[in-house]
Amino acid sequence: MSTQVRPLYRVIIFDDHPLIHEGLKQLLGGEEAFTIQSCASSAEELEKALAQTADLLMLDLNIRGKSSLKWVEHIRLQQPGIKILAFSSYHAPGVVRRALNQGVDGYLLKDTTKAELLQAFKTLLRGELYLSPRIQMPGRPQDPIFQDTFTRFSNLTSREQEVAKAILQGLSSQEIANRLFISLHTVQTHRKNLFKKLDVHSAAELIRLLHDTIDTGNTNRKQPPPESAG
């Protein structure tokens, strides 16, 4: 009688602090489901790490004093299926919003526990977005849009977020299907899920609800936090 082997998920760490590398290695050392495949602390090392297929990438938002969010698109091109978990000590709504707008799949604070780290990994692997609970705690910087609209938006899957952003950009269902290389039926299913999860009944309501939550390239919006945030 054969026993079922649990999948081993491969993790890349992109952080310029060796202590973070060592700490995470120790934290995940006894885990059967996850293994740290490689650690990178520079753009060159990240390129080497991405040469091998991985399932998860932990992304420090501040690499040597500069924002690492510019690497998200490149990471997606190299490995479209990888899940990207932003890893930062900053929990201000603007910083979190900017990271999610750039396409990360989750946001984890650096003062995390092993249990929360594993929960974040499992949530991302299910195709869901993860936010550290502290981001929604009372006493954090007050932002009504973040507290109401953005927390509801964070419950959407990555694909549902893509469809929502495309709707905000004025694309039709067929145009969204063409852009995302999915069927028209799949787009319509995602639209129904969006309306249900966000409790809206039309594209107009969706736009009113999310126009300040998703970055659509509107230059009249407030400027994002400095790139040094991480």
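The coordinates are above.
What counts, and at which threshold
- Residues numbered from 1 in each chain as written.
- Predicted model: local features only at pLDDT ≥ 70, side-chain atom pairs only at ≥ 80, totals over all residues.
- Heavy atoms only, no water.
- Pairing = 2+ DSSP bridges.
- Helix = DSSP H or I, 4+ residues; strand = E, 2+ residues; numbered from the N terminus.
- Right-handed = clockwise from strand over helix to strand, strands pointing away.
- Core = buried A, V, L, I, M, F, W, Y, C linked by side-chain atoms within 4.5 Å.
- Buried < 20%, exposed > 50% of the residue type's maximum accessible area, 1.4 Å probe, protein only.
- Contact = heavy atoms within 4.5 Å.
- Polar contact = N/O pair within 3.5 Å; in protein donor to acceptor, adjacent residues only side chain to side chain.
- Axes fitted to C-alpha atoms, helices over the stretch in contact; angles between N-to-C directions.
- Parallel < 35°, antiparallel > 145°, perpendicular 65-115°, else oblique.
- Left-handed = near helix turned anticlockwise from the far one by under 90°.
- Nonpolar A, V, L, I, M, F, W, Y, C, P; charged D, E, K, R; others polar.
- Lys, Arg positive; Asp, Glu negative; His and termini not counted.
- Salt bridge = Lys/Arg side-chain N within 4 Å of Asp/Glu carboxyl O.
- Arc of directions from axis to C-beta.

Q: Could you clarify how one ought to interpret the pairing of strand β2 (residues 34–40) in this entry?
A: Residues in a regular strand project their side chains so that they alternate between the two faces of the sheet. Relative to β2, strand β1 (residues 9–14) runs parallel, the two sharing six bridges. Of the residues in β2, the one forming a bridge with I12 is S38. The handedness of the β1 to β2 crossover, carried by helix α1 (residues 18–28), is right-handed.

Q: Sorry if this is basic, but what is going on with the nonpolar core here?
A: Where a protein is soluble and globular, its nonpolar side chains tend to be buried together. Ranked by size, the top nonpolar core spans 28 residues in total, and within it L57, V104 and Y107 carry the most contacts. Secondary structure elements with two or more residues in this core: β1, α2 (43–50), β3 (56–60), α3 (72–78), β6 (83–88), α4 (93–102) and β7 (106–109). The element best represented in this core is α4, accounting for four residues. For V104, the residues in contact, after removing those within four places along its chain, are L59, L69, V72, R76, I84, A86 and A99.

Q: Looking at this model, I keep getting lost on the environment of Q79. Mind explaining?
A: For Q79, the position within the fold is in the loop between α3 and β6. On a C-alpha basis, the gap between Q79 and A54 in space is 7.9 Å, while along the polypeptide they are 25 residues apart. Discounting residues that sit within four places of it in the chain, Q79 has contacts with A49, L50, Q52, T53 and A54. Among the polar contacts made by the side chain of Q79, one reaches the main-chain carbonyl oxygen of L50 at a distance of 3.0 Å.

Q: What should I look at first to understand the packing of helix α7 (residues 158–168) against helix α8 (residues 173–180) in this one?
A: Helices that pack against each other are described as a pair by the angle of their axes relative to one another and the distance between those axes. Two elements in contact, α7 and α8, have axes separated by 10 Å at closest approach and are oriented at 130°. Here α8 runs oblique to α7, going by the angle between their axes. Viewed along their axes, α7 and α8 form a crossing whose handedness is right-handed. Residues R159, E162, V163, A166 and I167 of α7 pack against I176, R179 and L180 of α8. Of the residues that constitute the contact of α7 with α8, the class distribution is five nonpolar, no polar and three charged.

Q: Looking at this structure, how should I read the sheet that holds strand β8 (residues 130–131)?
A: Pairing is parallel in the open sheet, where six strands are placed in the order β2-β1-β3-β6-β7-β8. Each edge of the sheet is formed by a strand with only one pairing partner; in this case those strands are β2 and β8. Pairing of β7 with β8, which is carried by two bridges, proceeds in the parallel orientation. Within β8, the residue paired with Y107 across the bridge is L131. α2 rests against β1, β2 and β3 of the sheet, and its axis sits at about 145° to β2. Sheet contacts for α4: β7 and β8; angle to β7, the most-contacted strand, approximately 140°.

Q: Quick question: what am I supposed to make of α7 here?
A: Owing to its 3.6 residues per turn, the α-helix brings residues three or four apart onto one side. Buried within α7 are the following residues: E160, Q161, V163, A164, A166, I167 and L168. Just downstream of α7 lies G170, where phi reads positive at about 90°.

Q: Sorry if this is basic, but what is going on with the side chain of K83 here?
A: Topologically, K83 is positioned in strand β6. Although buried, K83 forms no salt bridge, and the nearest oppositely charged side chain, D105, lies 4.7 Å from it.

Q: Looking at this structure, how should I read α1?
A: Of all the residues in α1, the buried ones are H21, L24 and L28. The buried residues of α1 all sit within an arc of 75° when viewed along its axis, so they share a single face. Away from its buried face, by an angle of more than 90 degrees, α1 presents the exposed residues P18, L19 and Q26. In the core, the buried residues of α1 are packed alongside β1, β2, β3, β6 and α5 (114–125).

Q: Could you clarify how one ought to interpret the side chain of R191 in this entry?
A: Along the chain, R191 turns up in helix α9 (residues 184–198). If near-sequence neighbours (up to four positions away) are discounted, R191 is found in contact with V163, I167, S173 and A203.

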